[in-house]
Amino acid sequence: MNWLQALVLGIVQGLTEFLPVSSSGHLEIAQALLGTASEENLTFAIVVHTATVLSTLVILYKEVAWLFKGTFTTTKWNKEKDYVAKIFLSMVPVFIVGMFFKDQVENLFGHGLLLVGICLLITALLLFLSEQITKLRERRAAQANLAEEVGREVSYKDAFIIGCAQAVAVLPGLSRSGTTIATGLLCGVKKSSVAQFSFLMVLIPILGEAFLDLLDLLKEPAVATELPVISLIVGFLAAFLTGCFACKFMINIVKKQKLIYFAIYCFLMGTFAIVYSCF
């Protein structure tokens, strides 16, 4: 993988990690088009996943600092501890998948783009349905002269359901952010709350995934040296900078309810991936 390929893949990872279009699916498509070697992907994945975690911390640093302060500066149960508890509850399903089904999930990657295309179409459907149902709730609220934002804060039940959606979204082409945000909206969570929860709940799973990948990499240390250092640096910076942009952009998009455009995009990309896999 040369530095230009790393730049393209880093940009793809940074943008699609937060935009509801599936980072895994787009990386599969990009790697197929660029012809990057599969043995290089593990090292590169660790680097760009770390970059996207850092970009989340940069954009949501106020929220992260609020949670840390409220969790560790007092022994009393408060809303910060309550929020953290919901985040940990949301992690249970993906933890189970990561611990017991990691090999089966990994076997789904790198075997053509047909599954990627199908999952992108599912992502498109979820985004479309969540936006239409949310708009319907808002119209009903307007008719009832309700001034406050439609929906509720994330409950423990919502957190677990959104966590189950995140666990299913390990499939290549099924967008993690798109699936969790759409699931939260379908559950009736406020638009202003669902995107923030979606991005915060993924921090530990992404770090956990990178850690497990690192353990696999340590079993074959020779693989880590196959990528030029410049490619790793370029990939990291590209993923970090584009991740910062995409994270902030996506939060505003959810608030303004513009998911339909991403639904159309996922539909087109899914169709492309299916056609490409057939020919």
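Everything numeric here is computed off the predicted structure, so don't read it as measured data.

**Q** What should I look at first to understand the packing of aromatic side chains in this one?
**A** Both the distance between ring centres and the angle between the ring planes are used here to describe each pair of aromatic rings. For the coordinates displayed, the defined rule picks out five aromatic pairs. Summarising the aromatic geometry, the rings of Phe 245 and Phe 249 are spaced 5.5 Å apart at their centres and angled 15 degrees between planes, so their arrangement reads as stacked. Within this pair, Phe 245 and its partner Phe 249 are both found in helix 13 (residues 229-256), separated by four residues, close to a single helical turn. Through a chain of ring-to-ring contacts, the aromatic side chains of Trp 66, Tyr 83 and Phe 197 assemble into a single cluster. When the ring centre of Tyr 156 is taken as reference, the NZ or CZ atom of Lys 86 above it lies at 5.5 Å.

**Q** Would you take a moment to explain the packing of helix 2 (residues 23-34) against helix 14 (residues 259-278) for this structure?
**A** For any two helices packed against each other, one specifies the inter-axial angle together with the distance between the axes. Direction vectors running N to C along helix 2 and helix 14 enclose 45 degrees, while the axes themselves pass 12 Å from each other. Taken together, the axes of helix 2 and helix 14 lie oblique to each other. Our pair here, helix 2 against helix 14, has a crossing hand that is left-handed. Taking contact as the criterion, the partners of His 26, Ile 29, Ala 32 and Leu 33 in helix 2 are, on helix 14, Tyr 265, Met 269, Phe 272, Ala 273 and Tyr 276. For the contact of helix 2 with helix 14, the per-class residue count stands at eight nonpolar, one polar and no charged.

**Q** What exactly am I supposed to notice about empty space enclosed by the protein here?
**A** Unfilled space is identified by rolling a water-sized probe across the atoms. Tallying each qualifying case throughout the model produces one cavity of 30 Å³ or more. Roughly 40 Å³ of volume is contained in the largest cavity. For the largest cavity, the full set of lining residues is Thr 134, Arg 137, Val 150, Gly 151, Leu 185, Gly 188, Val 189 and Lys 191. When the residues that make up the lining of the largest cavity are grouped by side-chain class, the tally is three nonpolar, three polar and two charged.

**Q** Is there a simple way to think about the side chain of Glu 131 in this case?
**A** As for its position among the elements, Glu 131 is in helix 7 (residues 114-143). Glu 131 gets classed as buried once you look at its relative accessible area, which sits at 1%. One polar contact links the side chain of Glu 131 to the main-chain amide nitrogen of Leu 259, over a distance of 2.5 Å.

**Q** Quick question: what am I supposed to make of the side chain of Glu 17 here?
**A** Counting through the fold element by element, Glu 17 comes out in the loop between helix 1 (3-16) and helix 2. Within the buried core, Glu 17 has no salt-bridge partner, and the shortest N-O distance to an opposite charge, that of Arg 176, equals 4.0 Å. A distance of 2.8 Å separates the side chain of Glu 17 from the side chain of Gln 13, its partner in a polar contact. Apart from residues lying up to four places away in sequence, Glu 17 is in contact with Ser 23, His 49, Thr 52, Arg 176, Ser 177 and Ile 206.

**Q** Just to check I follow, could you spell out the nonpolar core for this structure?
**A** Within soluble globular proteins, side chains that are nonpolar generally end up buried alongside one another. If you look at the biggest cluster of nonpolar residues, it comprises 44 residues, and the most contacted ones within it are Ile 87, Ile 181, Phe 197, Leu 200, Met 250 and Leu 259. Membership of the second largest hydrophobic core comes to 15 residues, among which are Met 1, Leu 27, Val 47 and Ala 239.

**Q** Looking at this model, I keep getting lost on a nonpolar patch on the surface. Mind explaining?
**A** Taken together, the side chains of Trp 3, Leu 4, Val 8, Leu 34, Val 229, Ile 230, Ile 233, Leu 237 and Leu 241 present a nonpolar region at the surface, about 830 Å² in accessible area. Those elements that provide at least two residues to the nonpolar patch are helix 1 and helix 13. Sorting elements by how many residues they give to the nonpolar patch places helix 13 first, with five residues. Relative to the helices and strands, Leu 237 resides in helix 13. The class of Leu 237 is partly exposed, set by a relative accessible area of 45%.

Each value, and the rule that gives it
All residue numbers refer to position in the chain's written sequence, counted from 1. In view of the model being predicted, local features appear only for residues whose pLDDT reaches at least 70, and side-chain atom pairs are presented and counted only at 80 or more, with totals across whole chains, interfaces and linings using the full set of residues. Only hydrogens and water are set aside when side-chain values are computed; all heavy atoms of the structure are taken into account. Centres within 6.5 Å are what make two rings of Phe, Tyr or Trp a pair, Trp counting through its six-membered ring; a difference in plane orientation under 30 degrees is then read as stacked, over 60 as edge-to-face, and the rest as tilted. Helix numbering and strand numbering both begin at the N terminus, where a helix is a DSSP run of H or I of at least 4 residues and a strand a DSSP run of E of at least 2. We count a charge as sitting over a ring when the NZ of a lysine or the CZ of an arginine lies within 6 Å of the ring centre and within 35 degrees of the ring normal. Each axis is a line fitted through C-alpha atoms, taken for helices only over the stretch in contact, and angles between the N-to-C directions span 0 to 180 degrees. The labels follow the angle: roughly parallel below 35 degrees, roughly antiparallel above 145, roughly perpendicular from 65 to 115, and oblique for the rest. By definition, turning the near helix anticlockwise from the far helix through less than a right angle yields a left-handed crossing, and turning it clockwise yields a right-handed one. Residue contacts are defined here by distance: any two heavy atoms, one from each residue, within 4.5 Å place the two residues in contact. Each residue receives one of three labels: charged for Asp, Glu, Lys and Arg, nonpolar for Ala, Val, Leu, Ile, Met, Phe, Trp, Tyr, Cys and Pro, and polar for the others, Gly being one of them. Grid points spaced at 1 Å over the protein atoms alone were grouped into cavities, where a 1.4 Å probe fits but cannot get out, and pockets, open sets with protein on both sides within 12 Å along at least five of seven lines, with lining residues defined by an atom within 4 Å of a point. Grid points are joined across faces, edges and corners, and a volume is the space filled by probe spheres set on the points. Whether a residue is buried, partly exposed or exposed follows from its accessible area with a 1.4 Å probe, protein chains only, as a fraction of its type maximum: under 20%, in between, or over 50%, in that order. We call two N or O atoms a polar contact when they sit within 3.5 Å, provided that within protein one can donate a hydrogen and the other can accept it, with sequence-adjacent residues counted only if both atoms are side-chain atoms. In summary, the charge assignment counts Lys and Arg as positive and Asp and Glu as negative, without counting His or the chain termini. Any carboxyl oxygen of Asp or Glu within 4 Å of a side-chain nitrogen of Lys or Arg constitutes a salt bridge here. Here, nonpolar core means buried Ala, Val, Leu, Ile, Met, Phe, Trp, Tyr and Cys residues that are tied together by side-chain atoms lying within 4.5 Å of each other. By definition, no residue in a patch forms a salt bridge, and every one has over 30% relative accessible area; like charges are joined within 9 Å, nonpolar side chains (Val, Leu, Ile, Met, Phe, Trp, Tyr) within 5 Å. The accessible surface values rely on the Shrake-Rupley method and a 1.4 Å probe; as for residues, cover is taken only from the protein chains in view.

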